[in-house]
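Architecture and fold: a report
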Amino acid sequence: MENAVKVQDLTKRYGDVTAVDHISFDVGKGEVFGFLGPNGAGKTTTIRVLTCLVKPDEGHAFVAGFDVLKSPVKVKQHIGVVPEVANAYIDLSAWENLILMGKLYGVRMSKLRENVTFLLKEFGLYEVKDKLVRAFSKGMKQRLLLCMALVNDPEVLFLDEPTSGLDVESARILREKITQYNSNGKTVFLSTHNMEEANQLCHRIAIINHGRIAAIDAPESLRAQSMELQCIDVAFNKPVDPQEFSSIPAITEAVPAGNKVRIYTADPSAVIEILAEFAKKENLRIIGLNTMMPSLEDVFLKLVKSKDAVIE
Amino acid sequence: MNSFVEQFKRSLVVAEKNIKIYYSKGPVIVFGLVFPLFLALAYVIGRNVPLKEILPGLIGMTTFFTATSVGPSIVPWETRSKTLERLLCCPVAFWTIIFGDMLSSFIFGLIISVVPLVLIQTLGIELLNFVLLIFGLVFANICFAAFSVLLSAYPPTDVPSTTMMLSSLVKFPLVFISGVFIPVDQLPPWGTAIASISPLTYYIDMVRHLFLGKGFYPLTVDFLAVVAFMLAFTFAAIKLHERTLAKRLS
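Presented here is an overview of the structure given in this document. (Residues numbered from 1 in each chain as written. Chains lettered and ligands numbered in written order. Predicted model: local features only at pLDDT ≥ 70, side-chain atom pairs only at ≥ 80, totals over all residues. Heavy atoms only, no water.)

Take the environment of Phe 4 of chain B next. Residues and elements named next belong to chain B. Here Phe 4 is to be found in helix H1 (residues 2-22). Judged by relative accessible area, Phe 4 falls into the partly exposed class, the value being 45%. A C-alpha to C-alpha distance of 51 Å links Phe 4 and Gly 46, two positions 42 residues apart in sequence. (Helix = DSSP H or I, 4+ residues; strand = E, 2+ residues; numbered from the N terminus. Buried < 20%, exposed > 50% of the residue type's maximum accessible area, 1.4 Å probe, protein only.)

Moving on to the sheet that holds strand E12 (residues 251-257) of chain A. Residue and element names in this part refer to chain A. Ordered in space as E12-E13-E11-E14, the four strands form an open sheet in which the pairing is antiparallel. One side of each edge strand has no neighbouring strand; the edge strands of this open sheet are E12 and strand E14 (286-292). Strand-to-strand twist across the sheet, computed as the mean angle between neighbouring axes with direction ignored, equals 20°. The pairing of E12 with strand E13 (residues 260-265) spans six bridges and is antiparallel. Of the residues in E13, the one forming a bridge with Val 255 is Arg 262. Packing of helix H9 (residues 268-281) onto the sheet brings it into contact with strand E11 (231-236), E12, E13 and E14, and relative to E11 it is tilted by some 15°. (Pairing = 2+ DSSP bridges. Axes fitted to C-alpha atoms, helices over the stretch in contact; angles between N-to-C directions. Contact = heavy atoms within 4.5 Å.)

Here we take up the pattern of salt bridges. Evaluated as defined, the whole model comprises 18 salt bridges over all chains. Asp 21 of chain A is the salt-bridge partner of Arg 212 of chain A, the closest N and O atoms lying 3.9 Å from each other. With Arg 212 of chain A in strand E10 (residues 212-217) and Asp 21 of chain A in strand E2 (residues 17-28), this pair connects stretches of sequence that are 191 residues apart. Glu 85 of chain B is the partner of Arg 48 of chain A in a salt bridge, and the nearest nitrogen-oxygen pair spans 2.9 Å. With Arg 48 of chain A in helix H1 (residues 43-50) and Glu 85 of chain B in helix H5 (residues 83-89), this residue pair bridges two chains. For Arg 48 of chain A, a relative accessible area of 15% puts it in the buried group. If you follow the salt bridges from partner to partner, you end up with Asp 91 and Arg 134 of chain A together with Lys 25 of chain B in one network. (Salt bridge = Lys/Arg side-chain N within 4 Å of Asp/Glu carboxyl O.)

Moving on to the interface of chain A and chain B. Each partner contributes to the interface: chain A provides 23 residues, whereas chain B provides 26 residues. When residues of chain A are sorted by the area they lose upon contact with chain B, Leu 53, Tyr 89 and Leu 104 of chain A head the list and together hold 29% of the total. Where chain A touches chain B, the interface holds three salt bridges. A salt bridge links Asp 91 of chain A to Lys 25 of chain B, with the nearest nitrogen and oxygen atoms 2.9 Å apart. Here chain A is connected to chain B by 12 residue pairs in polar contact (both at pLDDT 80 or more). Counting only elements with at least two residues in the side of chain A that touches chain B, the list comes to helix H2 (72-77), helix H3 (94-104) and helix H5 (138-150) of chain A. In terms of residue count, the dominant contributor to the side of chain A that touches chain B is H3 of chain A (five residues). (Buried area = accessible area lost by both parts, 1.4 Å probe. Polar contact = N/O pair within 3.5 Å; in protein donor to acceptor, adjacent residues only side chain to side chain.)

Residue and element names in this part refer to chain A. Pairing within the open sheet is mixed, and its six strands lie in the order E6-E7-E8-E3-E9-E10. Each having just a single partner strand, strand E6 (79-82) and E10 make up the two edges of the open sheet. Taken pair by pair, the neighbouring strands of this sheet meet at an average axis angle of 15°, ignoring direction. Along the sheet, H5 makes contact with E6 and strand E7 (156-160), crossing E6 at roughly 165°.

What follows is about the pairing of E6 of chain A. Residue and element names in this part refer to chain A. Burial along E6 is two-sided: the face carrying Ile 79 and Val 81 and the face carrying Gly 80 and Val 82 are both buried. Two elements, E6 and E7, share four bridges in a ladder whose sense is parallel. If you follow Ile 79 over to E7, its bridge partner there is Val 156.

Quick look at the packing of aromatic side chains now. Applying the stated rule across the entire model yields 30 aromatic pairs over all chains. With a centroid separation of 5.3 Å and 20° between ring planes, the pair formed by Phe 4 of chain B and Trp 95 of chain B is classed as stacked. With a gap of 91 residues between them, Phe 4 of chain B in helix H1 and Trp 95 of chain B in helix H6 (residues 94-123) connect regions that are remote in the sequence. According to the relative accessible area criterion, Trp 95 of chain B is partly exposed, its value standing at 24%. Arranged with centres 4.9 Å apart and planes meeting at 90°, the rings of Phe 216 of chain B and Tyr 217 of chain B form a pair that is edge-to-face. The buried category is assigned to Tyr 217 of chain B, whose relative accessible area is 13%. Geometry around Tyr 126 of chain A places Lys 121 of chain A over its ring, the cationic atom sitting 4.9 Å from the centre. Its guanidinium or amino end placed over the ring of Phe 123 of chain A, Lys 177 of chain A lies 5.6 Å from that ring's centre, counting from NZ or CZ. (Phe/Tyr/Trp six-rings, centres within 6.5 Å; stacked < 30°, edge-to-face > 60°. Lys NZ or Arg CZ within 6 Å of the ring centre and 35° of its normal.)

Here the structure, examined in full by the defined rule, presents three cavities of 30 Å³ or more. Put simply, the largest cavity is a space of about 50 Å³. Along the walls of the largest cavity sit Arg 48 of chain A together with Glu 78, Thr 79, Lys 82, Leu 84, Glu 85, Arg 248 and Leu 249 of chain B, which together make up its complete lining. If you list the elements that add at least two residues to the lining of the largest cavity, you get helix H4 (71-80), H5 and helix H11 (219-249) of chain B. (1 Å grid on protein atoms, 1.4 Å probe; cavity = no way out; pocket = protein on both sides within 12 Å on 5 of 7 lines; lining within 4 Å. Points joined across faces, edges and corners; volume = space filled by probe spheres on them.)

Written as structure tokens, this is what we have:
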């Protein structure tokens, strides 16, 4: 697969703080690449380097085949960006904002009018195209930002937490549009806190922590790498102290979860047998039992909690 | 060359956007229209001096205040609303944005500068060379516009009123040392030396040449000095804004 983004040994420091520490990864053309990490992990700094807003201190980055240091204008000509903070011009209308963006990308006026009309209709903003953006709701502003990022039909779309703070419906619309855009063969680089969103949208996910890449893989593979995070939720007819299970070697951890006990294990079938024996011995009845694969959130928390969990 | 032309076109787009957004902002109206108007009235009314003697100072002051009224506010405003980041994500060079800001400031100054020109034509006031005055006016407006954008570079604040206040602290003393109220040839030697560091001095001296046929410096020196200041301010504005950009984006 050809690369839409190529990052080699990228490092960015702010004074004594290393925001991004020698990270390397590739994003294939047509891929939706998720970038996950806790606050301050280096997600936004990485996006800012890739969108040519800040210069890296070390390493190289190529976007759409162009070097971010040597050809920033060419890089920017081929990308669209939805930043973390809504930043459309609130004193201009939706139409004027989109025309402004198109002109800055050098799109011909006849083609631009066509693109803008299409995007406004597609994102349900055509009826309010002449209203000043200051009157827009957060969801409308975010849809407009996505329109602004798409006005030049970019090869790579960078989205920095695009659904953060949005209501359920606006977030769903945005996710649908991202999927639709990607189905046309375009690349999406998505930074998000929302694990479910990453799970739904991304072909691969990178987890960044303390400025370093902790893991890169497909969501399913990341979960498979953390089989010790499989868990069993078990409910007995009487309350049971999770500590009763802590000494059993097959069990990694047992914690209370409402009226149930959540047991983490790499070997669920062995643990189910142990639980059945335990119930028989203690004269208890198992009234509910569920086995669960590790969620992306479990994997994420495991990786970010471990400072040294870094693979290159 | 082709990419330079393309970037210049995008500067015009930035300027067009600034005109739509910033010309109607309160501080721009106050510092660019109301203030120079009242200062001009205070300068003219009650002075028993022929209009021709008053005009160089009046034109100089009007051009200076109007051309420097838009520039200082744009970058802080865009920093605050995060639209600077939006512009920087577009395929524009940094100088393109600064140049666009300069252009919008220049156009504002130029539009208001037409008022004294109309006054001159209406009253039939004779001058040496009207075309030369227009050239001078254009160069001076660019020079002052670049100066105004430079004034917003430091400190890298996102509060427009801070920049407006600080720029006033620089602009007012400049008016007093530039021969607006007292012609440079009537200043003591130390006054002349101080006046020589102000671009406004050369512009007013140029206008005095054109209206009164006399000035402190030769007319060529006045023109060259305005152009030199214009280039220096433009270069300094781009470089200084580049240096403070990281702080604005953080």
